[in-house]
Amino acid sequence: MRTVAFLAISIVVLTAVVLIAAVLTGAARRRRHAAQVSARWAVRHYAIPGRGHTVVAVTLTDADGRMHGEHVVARVPDDAQDWQRDFVVARQEAEERAFHLNSDRPPIGS
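Residues numbered from 1 in each chain as written. Predicted model: local features only at pLDDT ≥ 70, side-chain atom pairs only at ≥ 80, totals over all residues. Heavy atoms only, no water.

Caption draft 1: Up close: the pattern of salt bridges. According to the stated counting rule, one finds seven salt bridges in the structure shown. Residues Arg66 and Asp64 are paired through a salt bridge, measuring 3.2 Å at the closest nitrogen-oxygen approach. Accessibility expressed as a relative area gives 44% for Arg66, which makes it partly exposed. Two residues, Asp86 and Arg85, come together in a salt bridge whose shortest N-O distance is 3.1 Å. When its relative accessible area of 25% is taken as the criterion, Asp86 is described as partly exposed. Three or more residues are tied together by salt bridges with common partners; here these are Asp62, Asp64 and Arg66. (Salt bridge = Lys/Arg side-chain N within 4 Å of Asp/Glu carboxyl O. Buried < 20%, exposed > 50% of the residue type's maximum accessible area, 1.4 Å probe, protein only.)

Quick look at the structure:
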């Protein structure tokens, strides 16, 4: 009799754990999907110390600041003859690319 009661309680507890895990996993998946849908492409540039260049890119960033993707547009060498011109040209290209990539994204708030 005790074995049957123990088995029944074990089944109830295991079922509860599975249901709670499914609910939590589903909620996390919905939050992750909402963050990715609301993410927008934006221009970003950064230098990696010791590499000798500045990277100009567009990144898919959500409202929380998490990056979901990146496209490198250009790497401008630190010792480039006309670094500023090359950097501005790369930023303009990145801005155009971000504009076009965002045109395919769903509108914010829908």
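Caption draft 2: Structural view of the environment of His45. Structurally, His45 can be placed in strand β1 (residues 40–47). Assessed through its relative accessible area of 43%, His45 is described here as partly exposed. Once the C-alpha coordinates of His45 and Ala74 are considered, the two residues, 29 residues apart in sequence, prove to be 9.5 Å apart. When neighbours within four sequence positions are excluded, His45 is seen to be in contact with Thr54, Val55, Val56, Phe87 and Arg91. (Helix = DSSP H or I, 4+ residues; strand = E, 2+ residues; numbered from the N terminus. Contact = heavy atoms within 4.5 Å.)

Caption draft 3: Broad picture of the side chain of Thr59. Considering the arrangement of structural elements, one finds Thr59 in strand β2 (residues 53–61). What makes Thr59 buried here is its relative accessible area of 3%. Reaching out from Thr59, the side chain makes a polar contact with the side chain of Thr61 at a distance of 3.2 Å. Leaving out residues up to four positions away in the same chain, Thr59 has contacts with Arg40, Trp41, Ala42, Arg44, Met67, Gly69 and Glu70. (Polar contact = N/O pair within 3.5 Å; in protein donor to acceptor, adjacent residues only side chain to side chain.)

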